[in-house]
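The primary structure of each chain is shown beneath.
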Amino acid sequence: MLDVDSVQAFVAIADNKSFTRAANELGSTQGAISVKLKRLEERLGHRLIERTPRLVRLSAQGAVFLQAAREFLEAHDRAVAALSSSRRHFTIGIAAHVAGPEVPTLLARLNAHDPGLTIEVRIDNSCTLLAAFDRGELDAAIIRRDEDRRDGEVLGPEHFGWFATPQFEYRRGEPLRLAALSPTCGVRAVCTRALDVAGIPWTGVFLGGGSSAVTAAVSAGLAVSTFSYRLAPVGTVEVSERFGLPPLPSSEIVLHSTLTDAKSRAALRTLAAAFREHRVSS
């Protein structure tokens, strides 16, 4: 197996007829270039460069090998270029309690930055997305921190409250009318547990249908629901003090990823940075 860096060092020395100039061309040092050449010569079993205090030139074997070395480097460059120019694809899951109206804008900005990347987005609750990520169905996931998991890159805190329309009526002692996502939703579990601990009866009047459906139900005055403060529906107000509802614990938004190629990881870092940026400004 030939080492690309070593072959590149040999060709640079042959072209420049100087270890110093070859090192400058490759952004390296004369010592490092010498080590790479020695490694290549030991691999091939032939001396490729003859070096005296006043002269650097190809040996007979080096002259024979030079053209093949150039073709080797050209083949390597073509292979790398083919990977770089091909369209890449990754699938990311974003939790419904995390994805705000800014997500399409962020994705459009990312697409303009890296046109060779196709991103498939799946919106669901955090528990479902984490399970899909663990099964290998998602390349990355931006979700609410799972209480049993400490891995993942923290993107920021998330604070929750109880929201309803200003006209919504609730009489203490009656079951609180609640709109929520599916029973597997972690945020739903947190809010119903808080109600149970506080001894506040509740009834689910609107369940599932996606975050947009829950938002529509709350905006129509049918029920109360839990939202992060930054994603509360327009026209709703926080009602925990007004109705004597229990405080809700804060959480963290984390990024999980299995992406390994440099360009996809760079794209994901760009998305995460834009996500953090938007949260700070909102």
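To be clear, the structure that these remarks concern was listed above.
Trainee: Lay out the overall build of the protein chain in plain terms, naming residues and giving numbers.
Mentor: Looking only at helices and strands, the protein chain features 10 helices and 12 strands. By the compact-globule yardstick of 19 Å for 282 residues, the protein chain is too spread out, its C-alpha radius of gyration being 30 Å. Looking at the 282 residues of the protein chain, the share that counts as buried comes to 42%. Residue pairs at least 24 apart in sequence account for 75% of intrachain contacts in the protein chain once pairs closer than 6 positions are excluded.

Trainee: Describe in detail the sheet that holds strand 10 (residues 225-228), supporting the description with residues and values.
Mentor: With respect to topology, three strands assemble into an open sheet ordered 10-7-11, the strand pairing being antiparallel. Strands with a single pairing partner mark the edges of an open sheet, and in this sheet they are strand 10 and strand 11 (237-238). Packed onto the sheet, helix 8 (residues 211-219) meets strand 7 (160-164) and strand 10 and runs at close to 115° relative to strand 10.

Trainee: Which residues make up the layout of surface pockets, and what values go with them?
Mentor: Within this model, the largest pocket holds a volume of roughly 380 Å³. What lines the largest pocket is a set of 27 residues, and nearest its centre among them are Ala96, Ser211, Thr215, Phe227 and Leu231. Elements that contribute at least two residues to the lining of the largest pocket include exactly strand 8 (176-180), helix 7 (186-198), helix 8 and strand 10. In terms of residue class, the lining of the largest pocket is made up of 17 nonpolar, eight polar and two charged. There is about 190 Å³ of room inside the second largest pocket. In this structure, the second largest pocket is lined by 14 residues; those nearest its centre are Arg144, Val190, Pro249, Ser250 and Ser251. Mapped by element, the contributors of at least two residues to the lining of the second largest pocket are helix 7 and strand 12 (251-257). Looking at the lining of the second largest pocket, the element that brings in the most residues is helix 7, giving three residues.

Trainee: Please set out the packing of helix 1 (residues 4-16) against helix 3 (residues 30-44) residue by residue, giving values where relevant.
Mentor: Packing of helix 1 against helix 3 leaves a shortest axis separation of 8 Å and a crossing angle of 110°. Taken together, the axis directions place helix 1 and helix 3 in an arrangement best described as roughly perpendicular. Residues Asp5, Ser6, Val7, Ala9, Phe10 and Ile13 of helix 1 form the contact with helix 3, whose own contacting residues are Ile33, Lys36, Leu37, Arg39 and Leu40. Here the contact of helix 1 with helix 3 is built from residues that sort into seven nonpolar, one polar and three charged.

Trainee: Describe the pairing of strand 7, with residues and values.
Mentor: Summarising burial for strand 7: five of the five residues are buried, a large majority. Residues Phe160, Trp162 and Ala164 of strand 7 are buried on one face, and the alternating residues Gly161 and Phe163, pointing to the opposite face, are buried as well. Here strand 7 pairs with strand 10 via four bridges, running antiparallel. Paired with Gly161 across the bridge in strand 10 is Phe227. Sheet analysis places strand 7 next to strand 11, joined by two bridges and oriented antiparallel. Bridged to Ala164 within strand 11 is Val237.

Trainee: Give me the lowdown on unusual backbone geometry, citing residues and values where you can.
Mentor: Although it is not a glycine, Lys17 adopts a positive phi angle of roughly 55°. Mapped onto the elements of the fold, Lys17 is located in the loop between helix 1 and helix 2 (19-26).

Trainee: Got a sec to walk through helix 6 (residues 126-134)? Specific residues and values, please.
Mentor: Buried within helix 6 are the following residues: Ser126, Leu129, Leu130, Ala132 and Phe133. The arc that holds every buried residue of helix 6, seen down its axis, measures 160°, which confines them to one face. The inward-facing, buried residues of helix 6 contact strand 3 (88-95), strand 4 (117-124), strand 5 (140-144) and strand 12. The N-cap of helix 6, judged by a side-chain oxygen 3.2 Å from the amide nitrogen of Cys127 a few residues on, is Asn125. Directly after helix 6, the chain includes Gly136, whose backbone phi takes a positive value near 85°.

Trainee: I'd love a proper account of the environment of Lys38, names of residues and values included.
Mentor: With respect to the element layout, Lys38 can be found in helix 3. Note on Lys38: relative accessible area 52%, which makes it exposed. Linking Lys38 and Ser6, residues 32 residues apart in sequence, is a C-alpha distance of 8.5 Å.

Trainee: Now, about the environment of Asp3: what can you tell me, with residues and values included?
Mentor: For Asp3, the location among the structural elements is in the segment before helix 1. Judged by relative accessible area, which is 33%, Asp3 ranks as partly exposed. Sequence separation of Asp3 and Arg43 is 40 residues, and the distance between their C-alpha atoms is 9.2 Å.

Thresholds, definitions, all that
Residues numbered from 1 in each chain as written. Predicted model: local features only at pLDDT ≥ 70, side-chain atom pairs only at ≥ 80, totals over all residues. Heavy atoms only, no water. Helix = DSSP H or I, 4+ residues; strand = E, 2+ residues; numbered from the N terminus. Rg over C-alpha atoms; globule rule 2.2 N^0.38 Å. Buried < 20%, exposed > 50% of the residue type's maximum accessible area, 1.4 Å probe, protein only. Contact = heavy atoms within 4.5 Å. Pairing = 2+ DSSP bridges. Axes fitted to C-alpha atoms, helices over the stretch in contact; angles between N-to-C directions. 1 Å grid on protein atoms, 1.4 Å probe; cavity = no way out; pocket = protein on both sides within 12 Å on 5 of 7 lines; lining within 4 Å. Points joined across faces, edges and corners; volume = space filled by probe spheres on them. Nonpolar A, V, L, I, M, F, W, Y, C, P; charged D, E, K, R; others polar. Parallel < 35°, antiparallel > 145°, perpendicular 65-115°, else oblique. Arc of directions from axis to C-beta. Polar contact = N/O pair within 3.5 Å; in protein donor to acceptor, adjacent residues only side chain to side chain.

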